[in-house]
Amino acid sequence: MTTVTPLAYNPYDYAMHEDPYPTYARLRAEAPVFYNEELDFYAFSRHADVLATFRDVDRFSNANGVSLDPAAYGPEAHKAMSFLAMDPPRHTRMRSIVGKSFTPRRVAEMEARIRALALTHLAPALEAGTFDFVGDFAGLLPMDVISELVGVPPADRAEIRRLADLLLHRDEGMNDIPPEGMEAALLLAGYYADMVTDRRQHERDDLTWSLLQAEIDGDRLTDDEVISFLFLLVVAGNETTTKLLGNAWYWGWRHRAQGAKVLADPGRVPDWVEETLRYDTSTQMILRVTREPVTVRGVDIDAGQRVLLLIGSANRDEEVFEDPESYDLDRPTQHLISFGGGRHFCMGAALARMEARIALTELVTRVGAYEVDPGGLQRVHSINVRGLAALPTTVTRR
(Lines give C-alpha, C1' and ligand atoms only; values in the text may rest on other atoms or scores of the structure.)
Protein backbone atom coordinates (compact mmCIF):
# COMPACT_ATOMS: atom_id res chain seq x y z
CA MET A 1 0.00 0.00 0.00
CA THR A 2 1.39 3.40 -1.02
CA THR A 3 1.08 6.23 1.46
CA VAL A 4 0.68 9.68 -0.07
CA THR A 5 2.20 12.49 1.97
CA PRO A 6 -0.33 15.26 2.59
CA LEU A 7 0.30 18.28 0.40
CA ALA A 8 1.98 21.06 2.37
CA TYR A 9 3.77 24.23 1.36
CA ASN A 10 5.70 26.50 3.73
CA PRO A 11 8.27 28.87 2.16
CA TYR A 12 10.19 29.07 5.45
CA ASP A 13 10.88 25.32 5.47
CA TYR A 14 14.60 24.63 4.86
CA ALA A 15 13.62 21.56 2.84
CA MET A 16 11.85 23.87 0.41
CA HIS A 17 15.02 25.91 0.03
CA GLU A 18 16.92 22.76 -0.95
CA ASP A 19 14.43 21.75 -3.65
CA PRO A 20 10.97 23.31 -3.96
CA TYR A 21 10.20 21.92 -7.40
CA PRO A 22 8.56 18.57 -6.47
CA THR A 23 6.22 20.49 -4.18
CA TYR A 24 5.51 23.02 -6.91
CA ALA A 25 4.57 20.19 -9.28
CA ARG A 26 2.12 18.80 -6.74
CA LEU A 27 0.65 22.26 -6.13
CA ARG A 28 0.03 22.77 -9.84
CA ALA A 29 -1.57 19.34 -10.16
CA GLU A 30 -3.49 19.06 -6.89
CA ALA A 31 -4.08 22.57 -5.54
CA PRO A 32 -3.13 25.39 -7.94
CA VAL A 33 -4.80 27.74 -5.48
CA PHE A 34 -3.37 26.48 -2.19
CA TYR A 35 -4.22 27.80 1.27
CA ASN A 36 -1.78 27.65 4.18
CA GLU A 37 -3.95 27.93 7.27
CA GLU A 38 -1.10 28.33 9.77
CA LEU A 39 0.49 31.31 8.00
CA ASP A 40 -2.78 32.52 6.44
CA PHE A 41 -1.83 32.92 2.80
CA TYR A 42 -2.90 31.59 -0.57
CA ALA A 43 -0.39 30.45 -3.19
CA PHE A 44 -0.87 30.53 -6.96
CA SER A 45 1.37 28.04 -8.76
CA ARG A 46 0.07 28.04 -12.34
CA HIS A 47 1.65 30.28 -14.97
CA ALA A 48 -1.67 31.68 -16.18
CA ASP A 49 -2.76 32.67 -12.67
CA VAL A 50 0.58 34.20 -11.70
CA LEU A 51 0.78 36.22 -14.91
CA ALA A 52 -2.84 37.37 -14.68
CA THR A 53 -2.29 38.53 -11.11
CA PHE A 54 0.86 40.45 -12.06
CA ARG A 55 -1.22 42.35 -14.59
CA ASP A 56 -4.27 42.92 -12.38
CA VAL A 57 -3.38 45.94 -10.26
CA ASP A 58 -7.06 46.73 -9.72
CA ARG A 59 -7.78 43.57 -7.71
CA PHE A 60 -4.32 42.73 -6.32
CA SER A 61 -2.30 45.24 -4.32
CA ASN A 62 1.41 45.80 -3.67
CA ALA A 63 0.85 48.42 -0.99
CA ASN A 64 1.80 46.12 1.90
CA GLY A 65 5.04 45.01 0.29
CA VAL A 66 6.11 41.88 -1.53
CA SER A 67 7.33 39.70 1.35
CA LEU A 68 5.47 37.39 3.71
CA ASP A 69 7.80 38.35 6.59
CA PRO A 70 5.76 40.15 9.29
CA ALA A 71 8.52 42.71 9.82
CA ALA A 72 8.52 43.59 6.10
CA TYR A 73 4.74 43.51 5.63
CA GLY A 74 2.37 46.44 6.07
CA PRO A 75 1.70 50.03 5.02
CA GLU A 76 5.30 51.08 5.74
CA ALA A 77 6.82 48.52 3.35
CA HIS A 78 7.60 51.19 0.76
CA LYS A 79 10.30 52.59 3.04
CA ALA A 80 12.46 49.59 2.21
CA MET A 81 11.03 48.39 -1.10
CA SER A 82 10.30 51.73 -2.79
CA PHE A 83 7.76 51.58 -5.65
CA LEU A 84 7.75 47.78 -5.48
CA ALA A 85 5.49 48.30 -2.46
CA MET A 86 3.19 50.88 -4.03
CA ASP A 87 0.00 50.90 -6.09
CA PRO A 88 -1.01 53.45 -8.72
CA PRO A 89 -1.02 56.42 -8.66
CA ARG A 90 1.89 56.51 -6.15
CA HIS A 91 3.65 53.72 -8.04
CA THR A 92 3.19 55.51 -11.37
CA ARG A 93 4.63 58.78 -10.02
CA MET A 94 7.61 57.18 -8.30
CA ARG A 95 8.54 54.90 -11.17
CA SER A 96 8.20 57.71 -13.70
CA ILE A 97 10.57 60.01 -11.81
CA VAL A 98 13.09 57.23 -11.15
CA GLY A 99 12.88 56.34 -14.83
CA LYS A 100 14.22 59.79 -15.72
CA SER A 101 17.57 58.74 -14.23
CA PHE A 102 17.61 54.93 -14.41
CA THR A 103 17.41 54.90 -18.19
CA PRO A 104 18.22 52.24 -20.80
CA ARG A 105 20.99 54.54 -22.03
CA ARG A 106 22.58 54.71 -18.57
CA VAL A 107 22.44 50.93 -18.34
CA ALA A 108 23.92 50.44 -21.82
CA GLU A 109 26.76 52.82 -21.05
CA MET A 110 27.84 50.54 -18.21
CA GLU A 111 28.72 47.60 -20.47
CA ALA A 112 32.43 48.37 -20.79
CA ARG A 113 32.75 49.02 -17.07
CA ILE A 114 30.92 45.78 -16.20
CA ARG A 115 33.35 43.86 -18.39
CA ALA A 116 36.33 45.51 -16.72
CA LEU A 117 34.96 44.73 -13.25
CA ALA A 118 34.30 41.12 -14.26
CA LEU A 119 37.87 40.69 -15.46
CA THR A 120 39.22 42.27 -12.27
CA HIS A 121 37.58 39.55 -10.20
CA LEU A 122 38.16 36.76 -12.70
CA ALA A 123 41.91 37.20 -13.00
CA PRO A 124 42.88 36.06 -9.47
CA ALA A 125 40.19 33.35 -9.45
CA LEU A 126 41.39 31.81 -12.71
CA GLU A 127 45.00 32.14 -11.64
CA ALA A 128 44.22 30.15 -8.49
CA GLY A 129 42.34 27.51 -10.50
CA THR A 130 40.18 26.55 -7.52
CA PHE A 131 37.92 29.18 -5.98
CA ASP A 132 34.46 29.83 -4.55
CA PHE A 133 32.38 30.90 -7.54
CA VAL A 134 30.05 32.91 -5.30
CA GLY A 135 32.48 34.38 -2.77
CA ASP A 136 35.22 35.16 -5.27
CA PHE A 137 33.21 36.21 -8.30
CA ALA A 138 29.40 36.08 -8.47
CA GLY A 139 28.97 37.79 -5.11
CA LEU A 140 31.43 40.55 -5.94
CA LEU A 141 30.53 41.64 -9.46
CA PRO A 142 26.84 42.63 -8.99
CA MET A 143 27.69 44.56 -5.82
CA ASP A 144 30.42 46.42 -7.69
CA VAL A 145 28.05 47.19 -10.56
CA ILE A 146 25.29 48.54 -8.32
CA SER A 147 27.85 50.40 -6.21
CA GLU A 148 29.40 52.08 -9.23
CA LEU A 149 25.95 52.96 -10.46
CA VAL A 150 24.82 54.65 -7.23
CA GLY A 151 28.20 55.87 -5.96
CA VAL A 152 29.22 53.51 -3.14
CA PRO A 153 33.05 53.66 -2.84
CA PRO A 154 35.05 50.40 -3.17
CA ALA A 155 36.10 50.42 0.50
CA ASP A 156 32.46 50.13 1.65
CA ARG A 157 31.21 47.42 -0.73
CA ALA A 158 32.12 44.32 1.26
CA GLU A 159 30.26 45.65 4.29
CA ILE A 160 27.20 46.58 2.22
CA ARG A 161 27.11 43.06 0.79
CA ARG A 162 27.45 41.54 4.29
CA LEU A 163 24.49 43.59 5.48
CA ALA A 164 22.41 42.63 2.43
CA ASP A 165 23.14 38.93 3.10
CA LEU A 166 22.00 39.31 6.72
CA LEU A 167 18.81 40.96 5.55
CA LEU A 168 17.92 37.99 3.33
CA HIS A 169 18.90 35.12 5.62
CA ARG A 170 16.17 33.25 7.52
CA ASP A 171 16.96 31.15 10.58
CA GLU A 172 15.43 27.68 10.58
CA GLY A 173 12.11 27.63 12.42
CA MET A 174 11.81 31.43 12.42
CA ASN A 175 9.08 32.92 10.23
CA ASP A 176 10.37 36.47 10.08
CA ILE A 177 13.45 38.61 9.58
CA PRO A 178 15.89 37.71 12.39
CA PRO A 179 17.25 40.42 14.74
CA GLU A 180 20.54 40.49 12.82
CA GLY A 181 18.61 41.22 9.64
CA MET A 182 16.66 44.05 11.26
CA GLU A 183 19.90 45.59 12.51
CA ALA A 184 21.38 45.25 9.02
CA ALA A 185 18.36 47.03 7.52
CA LEU A 186 18.81 49.96 9.89
CA LEU A 187 22.51 50.20 9.10
CA LEU A 188 21.85 50.12 5.35
CA ALA A 189 19.17 52.80 5.64
CA GLY A 190 21.55 54.96 7.67
CA TYR A 191 24.35 54.48 5.16
CA TYR A 192 22.16 55.54 2.24
CA ALA A 193 20.77 58.47 4.22
CA ASP A 194 24.35 59.74 4.64
CA MET A 195 24.92 59.28 0.89
CA VAL A 196 21.83 61.33 0.06
CA THR A 197 22.89 64.08 2.46
CA ASP A 198 26.29 64.20 0.78
CA ARG A 199 24.76 64.40 -2.71
CA ARG A 200 22.55 67.28 -1.63
CA GLN A 201 25.77 69.19 -0.95
CA HIS A 202 28.12 67.84 -3.63
CA GLU A 203 27.40 67.05 -7.26
CA ARG A 204 28.59 63.59 -8.32
CA ASP A 205 28.35 61.68 -11.57
CA ASP A 206 26.24 58.85 -10.16
CA LEU A 207 22.65 57.67 -9.96
CA THR A 208 22.12 58.97 -6.41
CA TRP A 209 22.84 62.56 -7.42
CA SER A 210 20.83 62.13 -10.61
CA LEU A 211 17.80 60.83 -8.68
CA LEU A 212 17.82 63.94 -6.51
CA GLN A 213 17.77 66.14 -9.63
CA ALA A 214 15.13 64.19 -11.56
CA GLU A 215 11.73 65.82 -11.86
CA ILE A 216 8.49 65.69 -13.78
CA ASP A 217 6.57 68.98 -13.95
CA GLY A 218 8.41 70.23 -10.88
CA ASP A 219 7.74 67.07 -8.86
CA ARG A 220 10.92 65.63 -7.33
CA LEU A 221 11.72 62.71 -5.08
CA THR A 222 12.13 63.31 -1.37
CA ASP A 223 15.26 62.16 0.44
CA ASP A 224 13.32 59.26 1.95
CA GLU A 225 12.11 58.18 -1.49
CA VAL A 226 15.66 58.17 -2.86
CA ILE A 227 16.88 56.20 0.17
CA SER A 228 14.14 53.57 -0.31
CA PHE A 229 15.07 53.15 -3.98
CA LEU A 230 18.75 52.69 -3.11
CA PHE A 231 17.72 50.12 -0.51
CA LEU A 232 15.69 48.29 -3.15
CA LEU A 233 18.66 48.25 -5.54
CA VAL A 234 21.03 46.64 -3.06
CA VAL A 235 18.55 43.86 -2.26
CA ALA A 236 16.79 43.27 -5.57
CA GLY A 237 19.55 44.41 -7.91
CA ASN A 238 22.51 42.84 -6.21
CA GLU A 239 21.40 39.61 -4.60
CA THR A 240 19.20 38.31 -7.40
CA THR A 241 21.94 38.77 -10.00
CA THR A 242 24.46 37.03 -7.74
CA LYS A 243 22.09 34.09 -7.49
CA LEU A 244 21.44 34.07 -11.24
CA LEU A 245 25.17 33.73 -11.94
CA GLY A 246 25.62 30.97 -9.38
CA ASN A 247 22.56 29.08 -10.56
CA ALA A 248 23.73 29.18 -14.19
CA TRP A 249 27.19 27.92 -13.25
CA TYR A 250 25.78 25.14 -11.04
CA TRP A 251 23.16 23.87 -13.49
CA GLY A 252 25.61 24.05 -16.37
CA TRP A 253 27.77 21.65 -14.36
CA ARG A 254 24.90 19.40 -13.27
CA HIS A 255 23.64 19.13 -16.87
CA ARG A 256 26.96 18.64 -18.61
CA ALA A 257 25.59 18.27 -22.13
CA GLN A 258 23.98 21.70 -21.80
CA GLY A 259 27.03 23.24 -20.16
CA ALA A 260 29.16 21.87 -22.98
CA LYS A 261 27.14 23.93 -25.46
CA VAL A 262 28.30 27.23 -23.99
CA LEU A 263 31.84 26.02 -23.40
CA ALA A 264 31.99 25.13 -27.09
CA ASP A 265 30.22 28.29 -28.24
CA PRO A 266 30.21 31.38 -25.96
CA GLY A 267 27.56 32.83 -28.28
CA ARG A 268 25.09 30.53 -26.49
CA VAL A 269 25.50 32.41 -23.20
CA PRO A 270 22.24 34.40 -23.62
CA ASP A 271 20.38 31.08 -24.02
CA TRP A 272 22.14 29.85 -20.87
CA VAL A 273 20.99 32.92 -18.95
CA GLU A 274 17.38 32.67 -20.13
CA GLU A 275 17.02 28.96 -19.45
CA THR A 276 18.49 29.43 -15.98
CA LEU A 277 16.00 32.23 -15.34
CA ARG A 278 13.26 29.79 -16.27
CA TYR A 279 14.56 26.61 -14.69
CA ASP A 280 15.75 27.97 -11.33
CA THR A 281 14.98 31.65 -11.06
CA SER A 282 16.50 33.79 -8.31
CA THR A 283 13.18 35.30 -7.26
CA GLN A 284 10.95 32.39 -6.39
CA MET A 285 7.88 34.23 -5.19
CA ILE A 286 6.36 37.61 -4.60
CA LEU A 287 3.39 38.75 -2.53
CA ARG A 288 0.13 40.47 -3.40
CA VAL A 289 -2.94 41.30 -1.29
CA THR A 290 -6.49 41.08 -2.62
CA ARG A 291 -8.25 44.45 -2.86
CA GLU A 292 -11.69 42.83 -3.18
CA PRO A 293 -13.18 39.32 -3.09
CA VAL A 294 -11.89 37.24 -5.99
CA THR A 295 -12.50 33.73 -7.29
CA VAL A 296 -9.60 31.86 -8.87
CA ARG A 297 -10.04 28.33 -10.22
CA GLY A 298 -13.23 27.98 -8.23
CA VAL A 299 -11.64 29.06 -4.94
CA ASP A 300 -13.23 32.09 -3.25
CA ILE A 301 -10.71 34.45 -1.67
CA ASP A 302 -11.84 37.32 0.58
CA ALA A 303 -10.60 40.88 0.32
CA GLY A 304 -7.46 41.59 2.35
CA GLN A 305 -5.99 38.10 1.87
CA ARG A 306 -2.30 37.57 1.18
CA VAL A 307 -1.44 35.74 -2.04
CA LEU A 308 1.99 34.35 -2.93
CA LEU A 309 2.76 34.27 -6.64
CA LEU A 310 5.07 31.28 -7.11
CA ILE A 311 7.23 32.43 -10.00
CA GLY A 312 9.51 29.41 -9.66
CA SER A 313 6.54 27.12 -10.16
CA ALA A 314 5.01 29.13 -13.00
CA ASN A 315 8.26 28.87 -14.96
CA ARG A 316 7.92 25.08 -14.88
CA ASP A 317 4.24 24.91 -15.77
CA GLU A 318 3.58 21.98 -18.11
CA GLU A 319 0.86 23.96 -19.86
CA VAL A 320 3.41 26.53 -21.05
CA PHE A 321 6.78 24.79 -21.26
CA GLU A 322 7.30 21.40 -22.89
CA ASP A 323 9.17 18.96 -20.63
CA PRO A 324 9.65 21.74 -18.04
CA GLU A 325 11.76 19.68 -15.63
CA SER A 326 14.53 19.43 -18.25
CA TYR A 327 17.31 22.00 -18.40
CA ASP A 328 17.49 22.72 -22.12
CA LEU A 329 19.27 25.68 -23.70
CA ASP A 330 17.49 25.05 -26.99
CA ARG A 331 13.97 25.59 -25.68
CA PRO A 332 11.89 28.76 -26.29
CA THR A 333 11.86 30.89 -23.14
CA GLN A 334 9.83 33.91 -24.20
CA HIS A 335 7.08 33.05 -21.71
CA LEU A 336 9.24 33.01 -18.58
CA ILE A 337 8.06 35.48 -15.93
CA SER A 338 11.15 35.74 -13.75
CA PHE A 339 11.02 39.54 -13.87
CA GLY A 340 7.30 39.83 -13.19
CA GLY A 341 4.82 41.43 -15.54
CA GLY A 342 2.56 44.40 -16.06
CA ARG A 343 3.28 47.73 -14.37
CA HIS A 344 5.63 46.11 -11.87
CA PHE A 345 7.88 44.46 -14.47
CA CYS A 346 11.40 44.67 -13.05
CA MET A 347 13.08 47.94 -14.02
CA GLY A 348 16.49 46.27 -13.60
CA ALA A 349 15.82 43.33 -15.93
CA ALA A 350 18.02 44.67 -18.73
CA LEU A 351 20.89 45.37 -16.33
CA ALA A 352 20.67 41.91 -14.75
CA ARG A 353 20.66 40.20 -18.14
CA MET A 354 23.59 42.29 -19.35
CA GLU A 355 25.64 41.57 -16.21
CA ALA A 356 24.99 37.85 -16.51
CA ARG A 357 25.77 37.81 -20.23
CA ILE A 358 29.06 39.67 -19.80
CA ALA A 359 30.20 37.75 -16.72
CA LEU A 360 29.46 34.30 -18.12
CA THR A 361 30.86 35.12 -21.56
CA GLU A 362 34.14 36.31 -20.07
CA LEU A 363 34.26 33.06 -18.10
CA VAL A 364 33.59 30.59 -20.87
CA THR A 365 36.00 32.29 -23.27
CA ARG A 366 38.75 31.53 -20.74
CA VAL A 367 37.58 28.20 -19.30
CA GLY A 368 37.58 24.94 -21.26
CA ALA A 369 36.06 22.81 -18.49
CA TYR A 370 35.10 23.08 -14.84
CA GLU A 371 34.10 20.97 -11.86
CA VAL A 372 32.06 21.78 -8.78
CA ASP A 373 32.68 20.25 -5.35
CA PRO A 374 29.16 19.22 -4.23
CA GLY A 375 30.38 18.65 -0.68
CA GLY A 376 31.12 22.34 -0.31
CA LEU A 377 27.82 23.66 -1.64
CA GLN A 378 25.88 25.95 0.67
CA ARG A 379 22.38 27.23 -0.06
CA VAL A 380 20.97 30.60 0.83
CA HIS A 381 18.05 30.28 3.23
CA SER A 382 15.56 32.91 2.15
CA ILE A 383 11.84 32.74 1.38
CA ASN A 384 11.95 34.96 -1.71
CA VAL A 385 15.43 34.44 -3.15
CA ARG A 386 16.87 31.09 -4.24
CA GLY A 387 20.54 30.51 -4.85
CA LEU A 388 23.89 29.42 -3.51
CA ALA A 389 25.98 30.97 -0.76
CA ALA A 390 29.07 28.87 -1.59
CA LEU A 391 29.95 27.09 -4.84
CA PRO A 392 33.49 25.58 -4.77
CA THR A 393 34.80 25.40 -8.33
CA THR A 394 37.91 24.12 -10.10
CA VAL A 395 38.51 25.30 -13.67
CA THR A 396 40.66 24.13 -16.54
CA ARG A 397 41.80 27.14 -18.54
CA ARG A 398 41.80 27.12 -22.33
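In what follows, the accompanying structure is described. Every value quoted in this text rests on a predicted model; they were computed, and no experiment measured them.

Here's the deal with the pairing of strand S1 (residues 33-36)
Alright, step 1. Bridge count between S1 and strand S2 (residues 41-44): four bridges; the pairing is antiparallel. Each bridged residue has a counterpart across the sheet, and for tyrosine 35 the counterpart in S2 is tyrosine 42.
Alright, step 2. Connecting S1 to the next strand, S2, in antiparallel fashion are four residues, including aspartate 40 with a positive phi near 55 degrees.

Examining the sheet that holds strand S11 (residues 367-372)
Backbone hydrogen bonds are what pair the strands of a sheet, in a parallel or an antiparallel way.
Alright, step 1. Strand order in the open sheet formed by three strands is S4-S14-S11, and the pairing between neighbours is antiparallel. Of all the strands in the sheet, the pair left with one neighbour each is strand S4 (130-132) and S11. Going from strand to strand, the sheet's axes swing by 30 degrees on average, the running direction of each strand aside.
Alright, step 2. Direction of pairing for S11 relative to strand S14 (residues 392-397): antiparallel, over a ladder of five bridges. Paired with alanine 369 across the strands is threonine 396, a residue of S14.

Looking at the side chain of arginine 288
Alright, step 1. With respect to the helices, strands and loops of the structure, arginine 288 is situated in strand S7 (residues 285-290).
Alright, step 2. No salt bridge is formed by the buried arginine 288; its nearest oppositely charged neighbour, aspartate 87, is found at 6.9 Å.
Alright, step 3. Within the structure, arginine 288 has its side chain in polar contact with the side chain of asparagine 62 (distance 2.9 Å).
Alright, step 4. With near-sequence residues (within four places) excluded, arginine 288 lies in contact with Thr53, Phe54, Phe60, Ser61, Asn62, Val66, Gln305, Arg306, Val307, Leu309 and His344.

Definitions and cut-offs
Residues numbered from 1 in each chain as written. Predicted model: local features only at pLDDT ≥ 70, side-chain atom pairs only at ≥ 80, totals over all residues. Heavy atoms only, no water. Pairing = 2+ DSSP bridges. Helix = DSSP H or I, 4+ residues; strand = E, 2+ residues; numbered from the N terminus. Axes fitted to C-alpha atoms, helices over the stretch in contact; angles between N-to-C directions. Buried < 20%, exposed > 50% of the residue type's maximum accessible area, 1.4 Å probe, protein only. Lys, Arg positive; Asp, Glu negative; His and termini not counted. Salt bridge = Lys/Arg side-chain N within 4 Å of Asp/Glu carboxyl O. Polar contact = N/O pair within 3.5 Å; in protein donor to acceptor, adjacent residues only side chain to side chain. Contact = heavy atoms within 4.5 Å.

Limitation: the analysis is restricted to geometry and does not speak to function.
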